[in-house]
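What follows is the residue order along each chain.
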Amino acid sequence: MVSTRRWVGCFFAVLGLVGCGDDGRATASATAGQSEGTATPGTATEPTSGTGSATQATTEGPGTASNSASEATTTTAPTTTQDVTITGTTGPTTSTSTGPDLTTSTGPDTTTTGDPCGGGSGRGGFDFSYLWVANTSQGSISKVNTTTLIEEGRYYADPNPAGASSSRTSVNIDGHFVVVSNRASYSVTKFAADKGDCVDKNGDGVITTSSNKDDLLPWGSDECMLWNTPVSPAPFGYNGGPRGTAWAPGEFNPATCKYDDQKVWVGWLDAPTHAIIGRFDGVTGVQDATIPLDNWTSQISPYGAAADGNGYVWFINVYQELVRIDTETLEVKRYPGEGIQFYGMTVDGKGNVWFGPYNNGNVAMFDAQTETFHQVANSAENHRGLAVDGNGMAWVAANAGGTHGCGLNQIDTNTMTAVQFHTFEQCSTPVGVSIDVDGFVWMVDYGGWAYRIDPETYAKQQVLIAGDHYTYSDMTGGGLFNAVMPG
């Protein structure tokens, strides 16, 4: 295997310590598997989900890429820097955590000379590893052990699960917490992965929580649900509901060996051409900053989000542009995509942003240092979500209708070349991709299952997860960890 538990005990290079490791729908009541709506010039829609032959979504206007593969191209990105008005808000919450601060287990004593954090075991090491899958049709989220492949819990993601349309997930820097955004009910909900981080809300001395895939507790009774916050201002219908969602790492405190001030970043629309990026306190769920983005051209909410290790969080205006936000100053920079179809996205360990374009587009990258766009030649597919592992391999979900059809596209980010296209015995509509703590690749299919792929032998194991899964973003914490602490 790549390197068992290679993330545990890694260090921040900026501290001068030793490093280690390898690493839409048209209305709020629309059902999963239907079209987001009708595309019009300058707008975008989510592709059809839930069938073996996904319908290609189209858009007119800037950001449309060529449907044929070409030699690798480089484009200098024009940028706009926006003066933003930041409004601190106390967003309404239906549950506020009274539990412990965000912590990382220190585990056994592996003290290293000169390192107050015991060999780095408090620097983002994972004590356990879970895949969190949004069950869109059920309005719930599943917790799957990535080692045993067992679904250990399932939780309602909103007070109105039937109308939630849960989709984007994000796991924090140490894997202890996950948030899921609900597109149709306009809320964000946080869960704890371990009972030690849950809250005994009724004071009976026992943590009441789901214990398996069939154990869905009534809303409000599961004590591992820590908060649920409606976004504010309210979204402009279903297409404006919250989508792009990402934890940022916060600040590492060497005195406590913990990450302080962790934040969750979420994007939505409050008008057809006006986007909002909201920042939420990771502990309390309070919306503490609101960043408006004028002239939003796609008429669908910020589609994807990811944080890097340099103090930025990135969002995409689907098919249109890339947006960068400074997490400290809240400065916004916007990069129109010259020939790049922004759809799936992630950030790698070098701080570069990667895209899985739909409509038979080439996998593409934004070089954060030179602020230029690049495309990988001969990589065109109907792409969706993607992840980059610690060895620099990008794994990109692909739907039917593209060059090779349904499967997983493997790209070497170091050489900017297409390596191999992986097919699967059962393949419907792959959507999200994530890398787990052991370096295994996870691809979640809308059809009701996921695959775990060994990146070296390409051996595949199917894991059945009941429901429809329109799930994107970082489902394991591996994306954020690799971006902050590259191997």
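Provided above is the structure to which this section pertains.
These remarks concern the structure in this document. Source: prediction; values computed, not measured. Residue numbers here run from 1 along each chain, matching the order of that chain's written sequence. Where totals are concerned, whole chains, interfaces and linings use all residues; where local detail is concerned, this predicted model gives features only for residues with pLDDT of at least 70, and gives and counts side-chain atom pairs only at 80 or more. Calculation of side-chain values draws on the structure's entire complement of heavy atoms; hydrogens and water are dropped beforehand.

1. Let's talk about the pairing of strand 20 (residues 344-347)
Only protein chains enter the accessibility calculation, which uses a 1.4 Å probe; a residue whose area is less than 20% of its type maximum is buried, one above 50% is exposed, and one in between is partly exposed. By definition, any uninterrupted DSSP run of H or I lasting at least four residues is a helix, any uninterrupted run of E lasting at least two residues is a strand, and each is numbered from the N terminus. Neither face of strand 20 is left uncovered, since the one carrying Gly344 and Thr346 and the one carrying Met345 and Val347 both have all their residues buried. With four bridges joining them, strand 20 and strand 21 (residues 353-356) adopt antiparallel strand pairing. Its bridge partner lying in strand 21, Met345 is registered against Phe355. For two strands to be treated as a pair, DSSP must find no fewer than two bridges joining them. Taking the residues between adjacent antiparallel strands as the criterion, strand 20 and strand 21 are bridged by five residues, where Gly351 takes a positive phi near 85°.

2. Regarding the state of the cysteines
When two cysteine sulfur atoms lie within 2.5 Å, the pair is treated as a disulfide. For the coordinates displayed, the defined rule picks out two disulfides. Through a disulfide, Cys198 is tied to Cys224; the S-S separation comes to 1.9 Å. With the S-S bond torsion at 95°, the cross-link from Cys198 to Cys224 turns out right-handed. With Cys198 in the loop between strand 8 (187-192) and strand 9 (225-230) and Cys224 in the loop between strand 8 and strand 9, this pair connects stretches of sequence that are 26 residues apart. Overall, Cys198 belongs to the buried group, its relative accessible area being 7%. Here Cys406 pairs with Cys427 through a disulfide, and the sulfurs are 2.0 Å apart. Judged by the sign of its S-S torsion, about -80°, the bond between Cys406 and Cys427 is left-handed. Here the residue Cys406 occupies a position in the loop between strand 25 (393-399) and strand 26 (407-412), and Cys427 occupies one in the loop between strand 27 (417-422) and strand 28 (430-435), the gap between them amounting to 21 residues.

3. Examining the packing of aromatic side chains
Aromatic rings from Phe, Tyr and Trp, taking only the six-membered ring of Trp, are treated as a pair when their centres fall within 6.5 Å; an angle between ring planes under 30 degrees marks them as stacked, one over 60 as edge-to-face, and anything in between as tilted. Under the counting rule described, the total for this entry stands at 22 aromatic pairs. Ring centres 6.3 Å apart and planes at 50° place the aromatic pair Trp268 and Phe280 in the tilted group. Of this pair, Trp268 sits in strand 13 (residues 263-271) while Phe280 sits in strand 14 (residues 274-281); the two residues are twelve residues apart in sequence, bridging distant segments of the chain. On the basis of relative accessibility, which here comes to 0%, the residue Trp268 falls in the buried class. Ring centres of Tyr303 and Tyr343 lie 4.8 Å apart, and the angle between their planes is 45°; this geometry places the pair in the tilted category. One end of the pair, Tyr303, is in the loop between strand 15 (287-293) and strand 16 (305-307); the other, Tyr343, is in the loop between strand 19 (332-336) and strand 20, with 40 residues separating them in the sequence. With a relative accessible area of 1%, Tyr343 lands in the buried category.

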